[in-house]
Amino acid sequence: MSGSLLQVENLTVEFRTRNGIVRAVERVDLSVGRGETLAIVGESGSGKSVTSYAVMRILDSAGSIAQGSVMFSGIDVANADEDTMATLRGREISMVFQNPRLALNPIRKIGRQIEDVLIRHVQATHNNAKQKAIELLAKVRIARPEERYDAYPFELSGGMCQRVVIALALACKPRLLIADEPTTGLDVRTQKAVMDLIVELVAEQGMSMILITHDLGLAAAYCERVIVMEKGRVVEAASAASVFKDPQEPYTKRLVRATPRPGVSLRDLLPDPEIPYAAQTPRTESVEGQPLLEVRDLVKSFAPAQSASLLSRFMNKSVAEPARSVDGISFTLAKGETLGLVGESGCGKSTTSAMIMRLLDPTSGSIFFAGRDIGAIPARSFARDADRARLQLVFQDPTDSLNPRFTAARAIADPLYRLGGVTRADEARTAVEEIAKMVGLPHDLLDRFPHQLSGGQKARVGIARAMVLRPDLVVLDEPTAALDVSVQAIVLNLLADLRAELGMSYLFVSHDLQVVRMLCDRALVMRAGRIVEEGSAAAVLEDPQHAYTRELVSAIPHPPL
Amino acid sequence: MALGVKSRLILSRLAQALPALAGIVVVTFILTRALPGDPAAYFAGPAADARSIAQIREQLGLDRPLPVQFLSYVTDLLQGDLGRSISTGQPVAEALMQRLPASLELTLFALLLSALIAIPLGVAAARRPDSWVDQACRLLVTAGVSLPTFFTGLLLVYVFYFILGWAPPPLGRLDLIYLSPPQVTGFFTIDALLDRDFATFRAALAQLVLPAMTLALFTLAPIARMTRASMIQALGSEFIRTARASGLSERRIVYTYAFRNAMLPVVTTLGMVFSFMLGANVLVEKVFAWPGIGSFAVEALVVSDYAAVQGFVLAMAVLFVLLNLLIDVVYTLADPRVGMEG
């Protein structure tokens, strides 16, 4: 490969830890040609990010390149001195990071941060740096760049921050751009806008790109070649077109299988689809009788950012209109039904679920749960209400939603003690063991603490905790958003099985339309506090009526199939 | 607009302090009355009989019911009158105005000294955790905080005055052969400089060095530890990785990016350490015969000198409020996010 810009051979990266040396990356070979785009795909812990940090030599102090060579355009990166590397970084190779808000200095104006890079690499002088920074902001399509030059990261949206990070990375027109999960955590439309922008600028400047992602669909849609990594090793290298259609290695096959995509059912995501699928039996449509949950004209408005004191409120008499986060929505949820609530961040879906869980008081409107208007009960006293035990919530982040000082068993037993009237430890233990068996949490894991459990196991603990009281309605707030696809596949199937077994209703809040299609009966699409489309989950995805829904659907990455 | 938001924030902070000050007035009044000891008996002297004590009590107004006493105390207070010390006969406000600058000068100088040593030490330790610099830093701050101030004070006096003879005798703010500079700020060093009297300046500074070192040694630990911790956190954060990946120079990364972010919690610590030092440096003032506010308060407390104790506590409370306000202002200037939420 004489034309290659980056040539990595036999790369092994080791980290010194308390438990000895850990090999994060083992004998990795890869090459990127000039103008080529390569994706590195893998789940958490696969070593994909570490590989890219090694290429830039920005591993933290415990990590080092133990073996192998990294050649970039004739420079031996693995053995280069620090001065050479500092010139290379940002000038020749640059990087776009995950979580753009944290990737920017929080107390420095974004324009100044771009200037720092320009001046460091002698792309501008102190006289014209500001003008060049504004040009760069315009180039990444930030509206009103002169004004935004003075903005701080906290004043910008996530997508906007990512554009700033891209501007930072492209400031010196490098030859290789490494994008490390650049769109994780962003909405699907923002993801599309950011990816389109990156690919366009990369092509325009004739750059090479490495895209690091956990999303095989995204990788195949935006790159020419794909490398799949597992546990620090490269397991497959293929063209983007063939990796989806014709995966060779068992791991790649599992990964392809677990990726939610059109035309598959939940069971198809699992590595072994032979298990009988309870959820595939047609569910009973209990239209007769009253719905389990009925929401009528629900409104939540938040007062505009309150000034610090009474005094200043007198000084500033013009009171702004309160912002309506949820703006008069109505829907029903039948017993045993699963309703998907879809929308981008800020559309009001989390506020809606918080009001239904009675964690927030609605401004107006009513929430009928089993015929009773629970919306009228103040959120403060609902914790002692008899109906509280019939409503449960599964949180988005399986780690942050568990008390780090509780064992799995204690965490699951918590609602029993608080709401279930259980006082004896052995009684709780029996119930915990029963539900743990149902969610597939092995017996010996019950006495572990959250940090001793994997992401998938923690998700199971969160689900078991919500299910232990056998509630009638479970609100699932993006329960799989923080999980790898293979774990997501298992958790989604678990949820479907539990629903069939226990006859619960779900309100499933998600931004992922494919997941909603597979798990839900009906779906609501929310935008700016209002419901813009409602229908069967399959219809909403396959034949969207509203322009906004169509935009959402088309923004889902389309891998070449 | 942004400035408007921030100045309003400052105004409201001041307004929030008023109830706290009112509470302090009530609590110190009650607490001083609850103290064992009778100021009238002390004032009358050991030879006095019951009748003369009662007479003195009447003179001092201590025979009136507590609410009446409180009312007259508050009325005086509102007119700026802190009362008169019964042990010295001096108005409390006057005594405080004399002694407070002495304590402030010592404390500020010590804090400056401490910060100048502790912050660079903390930064150096954070850049190479567990290196020899880090270990040396740990040793120094542990030693500093473990040795009581009266001990380090005496040790410094022994070494630098008694053995080496480098320092002047530890007898207050200025050697007897010098005259106090004309009062402007009350800080002898600054007043001497303003007066262009460099000999007096040097003499005042020489008196200041040993007690300031004593205090500084004791306060190295919280400042250095906080600098180290917040610097380690800042250096490990994601925006530093971005800065490294952009090839920014090490100096820019460490000082412009990491240090400015790490300074925010350090500013808070500095404020806390300062207020702690101001109230707690009695021992240092005693060792160096420093005519400060701490020794004044202890002496007043011993003889149940109500007016003096109340005046001292109130002065400290006002200082605390002003100090916290200053920290808030520094924070608002340093961190653009402050004042936007809330």
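Cut-off values and rules
- Along each chain, numbering runs from 1 in the same order as the chain's sequence is written.
- The naming scheme follows written order: chains are lettered A onward, ligands numbered 1 onward.
- Confidence filtering applies because this is a predicted model: local features only for residues at pLDDT of at least 70, side-chain atom pairs given and counted only at 80 or more, and all residues used for totals across whole chains, interfaces and linings.
- The side-chain values count all of the structure's non-hydrogen atoms but skip hydrogen atoms and water molecules.
- Elements are defined by DSSP. Helices are runs of H or I of four residues or more, strands are runs of E of two residues or more, and each kind is numbered from the N terminus.
- This radius of gyration counts C-alpha atoms alone. The globule rule is 2.2 Å times how many residues there are, raised to the power 0.38.
- Think of it in three bands: with a 1.4 Å probe and only protein chains considered, a residue is buried below 20% of the maximum accessible area for its type, exposed above 50%, and partly exposed in between.
- Strands were regarded as paired on the criterion that DSSP finds at least two bridges between them.
- All axes here are fitted lines through C-alpha atoms, helices being fitted over the stretch that makes contact, and every angle between N-to-C directions spans 0 to 180 degrees.
- Whether two residues are in contact is decided by their heavy atoms: any pair within 4.5 Å suffices.
- Residue ranges assigned to the domains are those given by an automatic or database domain assignment.
- Here the buried area means the combined drop in accessible surface, using a 1.4 Å probe, for two parts upon being joined, counting both sides.
- The rule for a salt bridge is simple: a side-chain nitrogen of Lys or Arg has to be within 4 Å of a carboxyl oxygen of Asp or Glu.
- In protein, a polar contact means a hydrogen-donor-capable atom and an acceptor-capable atom, both N or O and within 3.5 Å, with residues adjacent in sequence counting only if both atoms are side-chain atoms; elsewhere, any N or O pair within 3.5 Å suffices.
- Residue polarity is assigned by list, with Asp, Glu, Lys and Arg as charged and Ala, Val, Leu, Ile, Met, Phe, Trp, Tyr, Cys and Pro as nonpolar; anything else, Gly included, falls into the polar class.
- The labels follow the angle: roughly parallel below 35 degrees, roughly antiparallel above 145, roughly perpendicular from 65 to 115, and oblique for the rest.
- Each crossing gets its hand from how the near helix is turned against the far one by less than a right angle, where anticlockwise is left-handed and clockwise is right-handed.
- What counts as a ring pair is set by centres within 6.5 Å for rings of Phe, Tyr and Trp (its six-membered ring), and what kind of pair is set by the plane angle: stacked under 30 degrees, edge-to-face over 60, tilted for all other angles.
- Excluding any residue in a salt bridge, patches collect residues exceeding 30% relative accessible area, merging like charges within 9 Å and nonpolar Val, Leu, Ile, Met, Phe, Trp and Tyr side chains within 5 Å.
- Note on areas: these come from Shrake-Rupley sampling with a 1.4 Å probe, and a residue is covered only by the protein chains present in the view.

**So, the overall build of chain A**
- Scanning chain A for helices and strands turns up 21 helices and 20 strands.
- In terms of C-alpha radius of gyration, chain A reaches 26 Å, essentially the compact-globule figure of 24 Å for 561 residues.
- Its C-alpha atoms give chain A principal-axis dimensions of roughly 75 × 65 × 50 Å.
- Out of the 561 residues belonging to chain A, those deemed buried represent 53%.

**Examining the environment of A:Val235**
- Among the structural elements, A:Val235 can be located in strand E10 (residues 233–239).
- It is 51 Å that separates the C-alpha atoms of A:Val235 and A:Val299, two residues lying 64 residues apart in sequence.

**Here's the deal with the sheet that holds E10(A)**
Residue and element names in this part refer to chain A.
- Reading across from one edge, E6-E7-E8-E3-E9-E10 is the order of the 6 strands in this open sheet, with mixed pairing throughout. Unpaired on one side and paired on the other, strand E6 (93–96) and E10 mark the two borders of the sheet. Across the sheet, the mean angle separating the axes of adjacent strands is 20 degrees when strand polarity is ignored.
- Both strand E7 (residues 176–180) and strand E8 (residues 208–213) contribute to a ladder of 5 bridges, which runs parallel. Bridge pairing in E8 places Leu 177 opposite Met 209.
- Of the strands in this sheet, strand E3 (37–41), E6, E7, E8 and strand E9 (225–230) are in contact with helix H1 (residues 48–56), which crosses E6 at around 145 degrees.
- Its contacts with the sheet place helix H8 (residues 188–204) against E7 and E8, and it is angled at close to 155 degrees to E8.

**What to know about the domain arrangement of chain A**
Residue and element names in this part refer to chain A.
- Here chain A is described as being made up of domain 1 (32–58 + 73–260) and domain 2 (280–301 + 324–408 + 469–555).
- The C-alpha-based centres of domain 1 and domain 2 are spaced at 34 Å.
- Taken together, the 9 residues of domain 1 in the interface contact 16 residues of domain 2.
- Summing both partners gives a buried area of about 1,300 Å² for domain 1 against domain 2, and 54% of it is carried by carbon and sulfur.
- Broken down residue by residue, the surface that domain 1 buries against domain 2 is led by Asp 187, Arg 189 and Pro 260, which jointly contribute 48%.
- Among the salt bridges present, the one from Glu 344 reaches Arg 189, with a minimum N-O distance of 2.8 Å.

**Details of unusual backbone geometry**
Residue and element names in this part refer to chain A.
- Backbone geometry places Asp 297, a non-glycine residue, at a positive phi of 45 degrees.
- Secondary-structure assignment places Asp 297 in strand E11 (residues 293–302).
- For Ala 528, which is not a glycine, the phi torsion comes out positive at approximately 50 degrees.
- When you line up the elements, Ala 528 lands in the loop between strand E19 (522–527) and strand E20 (530–536).
- Among the residues examined, Ala 528 registers a relative accessible area of 56% and is labelled exposed.

**What about the domain arrangement of chain B?**
Residue and element names in this part refer to chain B.
- For chain B, the domain assignment lists domain 1 (1–87 + 305–342) and domain 2 (98–302).
- Placing a centre on the C-alpha atoms of domain 1 and another on those of domain 2 gives a separation of 28 Å.
- On the side of domain 2, 17 residues touch domain 1, which itself brings 15 residues to the contact.
- With both chains or domains summed, domain 1 and domain 2 bury close to 1,400 Å², and 85% of this area falls on carbon and sulfur atoms.
- Where domain 1 meets domain 2, there are 0 salt bridges.
- At the boundary of domain 1 with domain 2, the tally comes to 2 residue pairs in polar contact (both at pLDDT 80 or more).
- Tallied by class, the residues present in the side of domain 1 that touches domain 2 amount to 12 nonpolar, no polar and 3 charged.

**Quick word on the interface of chain B and chain A**
- Across the contact, 25 residues belong to chain B and 33 residues belong to chain A.
- Both faces considered, chain B and chain A share a buried interface measuring about 2,500 Å² in area, 62% of it formed by carbon and sulfur atoms.
- Of all residues in chain B, the largest losses of buried area upon contact with chain A belong to B:Arg8, B:Arg241 and B:Ala245, amounting jointly to 22% of the total for that side.
- In this assembly, chain B and chain A are joined by 1 salt bridge.
- With its nearest N and O atoms 2.8 Å apart, the salt bridge here joins B:Arg252 to A:Asp116.
- Where chain B packs against chain A, one counts 9 residue pairs in polar contact (both at pLDDT 80 or more).
- Of all the secondary-structure elements, those providing two or more residues to the side of chain B that touches chain A are helix H1 (2–34), helix H10 (238–245) and helix H11 (250–280) of chain B.
- Top element by residues in the side of chain B that touches chain A is H10(B). It accounts for 6 residues.
- Of the residues that constitute the side of chain B that touches chain A, the class distribution is 9 nonpolar, 8 polar and 8 charged.

**Observations concerning the side chain of B:Arg228**
All names here are of chain B.
- Note that Arg 228 resides in helix H9 (residues 198–235).
- You can call Arg 228 buried: its relative accessible area is 14%.
- Beyond its immediate sequence surroundings of up to four residues, Arg 228 is in contact with Gly 122, Ala 125, Ala 126, Pro 129, Asp 134 and Arg 138.

**Concerning the packing of helix H7 (residues 158–170) of chain A against H8(A)**
Residues and elements named next belong to chain A.
- Remark: H7 packs on H8, axes separated minimally by 10 Å, with the N-to-C direction vectors making an angle of 15 degrees. Our classification of the angle between H7 and H8 gives roughly parallel. Considering how the two elements wind past one another, H7 and H8 form a crossing that is right-handed. Of H8, the residues touching H7 (which contributes Gly 159, Gln 162, Arg 163, Ile 166 and Leu 170) are Thr 190, Ala 193, Val 194, Leu 197, Ile 198 and Leu 201.
- Here the residues of the contact of H7 with H8 are counted per class, giving 7 nonpolar, 3 polar and 1 charged.

**Points about the packing of helix H5 (residues 92–127) of chain B against helix H6 (residues 132–146) of chain B**
All names here are of chain B.
- Where H5 meets H6, the closest approach of the two axes is 8 Å, and the angle between their N-to-C directions is 140 degrees. Overall, the two elements H5 and H6 adopt an arrangement that is oblique. Helix-helix and strand crossings are classified by hand; for H5 and H6 the assignment is left-handed. Taking contact as the criterion, the partners of Leu 121, Ala 124 and Ala 125 in H5 are, on H6, Val 133, Asp 134, Cys 137 and Leu 140.
- For the contact of H5 with H6, the per-class residue count stands at 6 nonpolar, no polar and 1 charged.

**Some points on the packing of aromatic side chains**
All names here are of chain B.
- Enumeration according to the criterion identifies 7 aromatic pairs over all chains in this entry.
- Relative to Trp 166, the ring of Phe 160 lies with its centre 5.9 Å away and its plane at 45 degrees, an arrangement referred to as tilted.
- By relative accessible area, which is 23% here, Phe 160 ends up partly exposed.
- Using a relative accessible area of 64% as the deciding quantity, one classes Trp 166 as exposed.
- Each ring, one from Tyr 255 and one from Phe 259, has its centre 6.4 Å from the other, and the planes form 65 degrees; the classification is edge-to-face. Within this pair, Tyr 255 and its partner Phe 259 are both found in helix H11, separated by 4 residues, close to a single helical turn.
- By the ring-pair criterion, three or more aromatic residues cluster together here, those being Phe 29, Phe 70 and Tyr 73.

**Comments concerning the side chain of A:Thr480**
All names here are of chain A.
- Inspection of the secondary structure assignment puts Thr 480 in the loop between strand E17 (473–477) and helix H18 (485–502).
- We classify Thr 480 as buried; its relative accessible area is 6%.
- Beyond its immediate stretch of four places on either side in the chain, Thr 480 contacts Gln 488, Val 491 and Leu 492.

**Quick notes on the sheet that holds strand E14 (residues 364–369) of chain A**
All names here are of chain A.
- Taking strand neighbours across the sheet as the criterion, the 4 strands line up as E12-E11-E14-E15 in an open arrangement whose pairing is antiparallel. Looking at the sheet topology across the chains shown, the edges are occupied by strand E12 (323–333) and strand E15 (372–373).
- Pairing geometry for E14 and E15, over 2 bridges, is antiparallel. Of the residues in E15, the one forming a bridge with Phe 368 is Asp 373.

**Regarding the pairing of E3(A)**
Residues and elements named next belong to chain A.
- For E3, a buried count of 5 out of 5 residues is recorded, marking the element as mostly surrounded by other parts of the structure.
- Because side chains alternate across E3, one face comprises the buried residues Thr 37, Ala 39 and Val 41, and the other comprises Leu 38 and Ile 40, equally buried.
- In this structure, E3 lies alongside E8, joined through 5 bridges in parallel fashion. Paired with Ala 39 across the bridge in E8 is Leu 211.

**Thoughts on a nonpolar patch on the surface**
All names here are of chain B.
- Together, Leu 147, Phe 150, Phe 151, Leu 154, Leu 155 and Leu 283 line one region of the surface with nonpolar side chains, adding up to about 520 Å² of accessible area.
- Broken down by element, the residue count for the nonpolar patch peaks at 4 residues, all from helix H7 (residues 149–163).
- Looking at the element boundaries, Phe 150 is found in helix H7.
- When its relative accessible area of 40% is taken as the criterion, Phe 150 is described as partly exposed.

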